[in-house]
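# Coordinates in review
Here's the letter readout for the chains.
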Amino acid sequence: MSGDEARPYGRRAFLGLMAGGLSSLLWAGPVGRALSPVTSAFSQLLGNLLPVGGWRIYTISGSMPLFDANSFRLEITGLVRKPQQLTYAQLLALPRAEQVSNFHCVTGWSVANVRWGGVRFHDLLALAEPLPSAKAIRFVSLEQPYNDSLSLDQALLPNVLLAYDMDGQPLSRPHGAPARVVIPEMYGYKGVKWLTRMELVDHQPTGYWEGLGYDQNAWVGRSNGYGT
Ligand SMILES: Nc1nc2c(c(=O)[nH]1)N[C@H]1C(S)=C(S)[C@@H](COP(=O)(O)O)O[C@H]1N2
Ligand SMILES: [Mo]
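Residues numbered from 1 in each chain as written. Chains lettered and ligands numbered in written order. Predicted model: local features only at pLDDT ≥ 70, side-chain atom pairs only at ≥ 80, totals over all residues. Heavy atoms only, no water.

## A closer look at the pairing of strand β3 (residues 97–104)
Bridging between β3 and strand β4 (residues 110–119) involves seven bridges; their strand directions are antiparallel. Looking at β4, one finds that A97 is bridged to G118. (Pairing = 2+ DSSP bridges. Helix = DSSP H or I, 4+ residues; strand = E, 2+ residues; numbered from the N terminus.)

As structure tokens, then:
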């Protein structure tokens, strides 16, 4: 049996079930049910009201943290030599990177050619000086209890960004102001919005959706999401 076939929610299993003509309720399985809070009536309503061009606005709490440029701090803590508390102005003053990339939510919707502006993790980590024991970054949202993580290797891949601009504008409140994680090669749940803290850790903790059944390595098309 190939690795592909062994995965309960792999693409092959998905296609096989579709060919068999089973209903969406059946093939959604426990992962599909776990996802239902994300598509709460509240999020759906926001998605319908806001001019978001293909985006669906997701929150797990039904509320969106309010960004205040004066009091905001981005903390970089944990296994670092120099813990940081960056103001919004300090964040914007770091070397700016820009990219255009596609965005994929694991539930099956995508947005093509999103123009992001922000900071590479290399430049953020250079300030904090991770200790040799640091192997991963835990990203904590102001929207509790949302969190997720990347290995240091993943965070340093090209095209991985801490974004503060989207399509030429400062990140809006629904999209996670003032900053969100962007990793185009992985599904959207890795992209923590309303980021408030980066914690350097020696092993990767289980993120919010990962605790509900999704793969920690959320590679688009190669993880247990079924909505490539
Ligand atoms: N804090 C927080 N970040 C989050 C989420 C969330 O519910 N809360 N949802 C994630 C998921 S599953 C996706 S697909 C994207 C959606 O981004 P959008 O709300 O800007 O469309 O945000 C990700 N980041
Ligand atoms: Mo998602």
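Back to the text.
## Some points on the nonpolar core
Ranked by internal contacts, the top residues of the largest apolar core, which has 53 residues, are W116, F121, L124 and M198. For this core, the element with the highest residue contribution is strand β7 (residues 161–166), accounting for five residues. If near-sequence neighbours (up to four positions away) are discounted, L124 is found in contact with L74, I76, L86, L91, L94, V119, L162 and M198. (Core = buried A, V, L, I, M, F, W, Y, C linked by side-chain atoms within 4.5 Å. Buried < 20%, exposed > 50% of the residue type's maximum accessible area, 1.4 Å probe, protein only. Contact = heavy atoms within 4.5 Å.)

## Quick word on empty space enclosed by the protein
The tally for this structure, following the rule as stated, stands at three cavities of 30 Å³ or more. What the largest cavity holds in volume is close to 290 Å³. Surrounding the largest cavity, 23 residues form its lining, Y58, Y146, G188, Y189 and K193 being those nearest its centre. Taken together, the residues that form the lining of the largest cavity break down as 13 nonpolar, six polar and four charged. (1 Å grid on protein atoms, 1.4 Å probe; cavity = no way out; pocket = protein on both sides within 12 Å on 5 of 7 lines; lining within 4 Å. Points joined across faces, edges and corners; volume = space filled by probe spheres on them. Nonpolar A, V, L, I, M, F, W, Y, C, P; charged D, E, K, R; others polar.)

## Here we look at the sheet that holds strand β6 (residues 147–151)
Taken in spatial order, the five strands line up as β2-β1-β10-β5-β6 in an open sheet, and their pairing is mixed. Each edge of the open sheet carries a strand with a single partner, namely β2 (84–86) and β6. Between one strand and the next, the sheet's axes are offset by a mean angle of 20 degrees, whatever the strand orientation. Summarising the sheet, strand β5 (residues 136–141) and strand β10 (residues 195–201) pair through six bridges and their orientation is antiparallel. Paired with I137 across the bridge in β10 is L200. (Axes fitted to C-alpha atoms, helices over the stretch in contact; angles between N-to-C directions.)

## Overview of the pattern of salt bridges
By the definition in use, this model includes seven salt bridges. One salt bridge connects R96 with E98, and the closest N-O pair in it is separated by 2.7 Å. According to the relative accessible area criterion, R96 is partly exposed, its value standing at 43%. Where R197 meets E199, a salt bridge forms, and the shortest distance between an N and an O atom there is 3.1 Å. For R197, a relative accessible area of 24% gives the class partly exposed. For E199, a relative accessible area of 19% corresponds to the buried category. If you follow the salt bridges from partner to partner, you end up with R96, E98 and D165 in one network. (Salt bridge = Lys/Arg side-chain N within 4 Å of Asp/Glu carboxyl O.)

Shape is all these values report; function is a separate question.
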